[in-house]
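# Architecture and fold: a report
Read off the chains here:
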Amino acid sequence: MDHPETWRKAEAVFKKHGGMLRTSRAIALGVHPRILYGLRDSGRLQQVSRGLYRLTDLPELGNPDLAAVAARIPQGVICLISALAFHGITTQIPHQVDVAVPRGTKQPRLQFPPIRIFRFSTPMQKAGIEKHRVDNIEVRVYSVAKTVADCFRFRNRIGIDVAVEALRLSHARKMASMRELLEYARLCRIERVMMPYIEALQ
């Protein structure tokens, strides 16, 4: 049986790194798999998703789905409906986490939460990224203006009504300037599509 001091050291590693770690990261930081599973079985760690653990004495997760996805898919960016919900500019309730990954990326495997993958070209995937701390995990989310443009770009998959609502709400709440919206409309090559809706707001 492992000495309690060994467990305390392992818990300290988790605390130093925000309280949540992937199995591979914990092992790389010196936590032996036996200790990791011992902490889990004793109730000191909880499994958020496959290969992702967090200390149980931390406050409840405010947005566990985004934190789990960010930890498991570090190259991904929260996009579309999930980004709209994060920014509070949609009446849609996300039933999965929308994630943008670079084209050519291997399909991420998560048992939970359910995810919907969108593959972006490198310039599209890297543009407009904001970094937020969610439950002590750095989560990459597209800015309001980039998200609105992406919604028009993927209107056939998510619905034009969702994109138009996001545009109207972002404008009404002054969360994106016309200059930003036009900039991302050009980048996403949907300026023609968005312009009538943008002009209607002025």
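Everything below is about the structure printed above this text.
Now for a quick tour of the structure. Everything numeric in this text was worked out from a predicted model, so none of it was measured. (Residues numbered from 1 in each chain as written. Predicted model: local features only at pLDDT ≥ 70, side-chain atom pairs only at ≥ 80, totals over all residues. Heavy atoms only, no water.)

Looking now at the nonpolar core. By size, the foremost hydrophobic cluster in this structure holds 36 residues, and its most contacted members are Val148, Phe152, Leu181 and Met194. Within the residue set of this core, elements represented by two or more residues are helix 5 (80-87), strand 6 (115-120), helix 7 (144-153), helix 9 (160-172), helix 10 (178-187) and helix 11 (191-201). For Val148, the residues in contact, after removing those within four places along its chain, are Ile89, Ala166, Leu167, Ser170, Leu181 and Met194. By size, the runner-up hydrophobic cluster in this structure holds 22 residues, among which are Val48, Ala68, Val134 and Ile137. (Core = buried A, V, L, I, M, F, W, Y, C linked by side-chain atoms within 4.5 Å. Buried < 20%, exposed > 50% of the residue type's maximum accessible area, 1.4 Å probe, protein only. Helix = DSSP H or I, 4+ residues; strand = E, 2+ residues; numbered from the N terminus. Contact = heavy atoms within 4.5 Å.)

Along the polypeptide, Ser170 turns up in helix 9. Residues contacting Ser170, with those up to four places away along its chain left out, are Ile89, Val144, Val148, Met175 and Ala176.

A few words on helix 10. Residues three or four positions apart in an α-helix share a direction because the helix packs 3.6 residues into each turn. Residues of helix 10 that are buried: Met178, Leu181, Leu182, Tyr184 and Ala185. Of the residues trailing helix 10, Arg189 is marked for its positive phi of about 60°.

What follows covers the pairing of strand 5 (residues 97-102). For a regular strand, side-chain orientation follows a simple rule: the groups alternate between the two sheet faces. Judged by how many residues are buried, strand 5 sits mostly within the fold: 5 of 6 residues are covered. Pairing geometry for strand 4 (residues 77-78) and strand 5, over 2 bridges, is antiparallel. Paired with Val77 across the bridge in strand 5 is Ala100. Sheet analysis places strand 5 next to strand 6, joined by 6 bridges and oriented parallel. Looking across to strand 6, one finds that Ala100 is bridged to Phe118. (Pairing = 2+ DSSP bridges.)

The subject of this paragraph is the pattern of salt bridges. In the structure shown here, the tally under the stated rule is 7 salt bridges. Residue Arg8 is joined to Glu5 by a salt bridge in which the shortest nitrogen-to-oxygen separation is 3.0 Å. With Arg8 and Glu5 both in helix 1 (residues 4-16) and 3 residues apart, the pair spans about one turn of that helix. On the basis of relative accessible area, Glu5 is assigned to the partly exposed category, the value being 35%. Among the ionic pairs, Lys146 bridges to Asp150, the shortest N-O distance being 2.9 Å. Highlighted residues: Lys146 and Asp150, both in helix 7, separated by 4 residues, approximately one helical turn. Summarising the burial analysis for this pair, Lys146 and Asp150 share the class buried. (Salt bridge = Lys/Arg side-chain N within 4 Å of Asp/Glu carboxyl O.)

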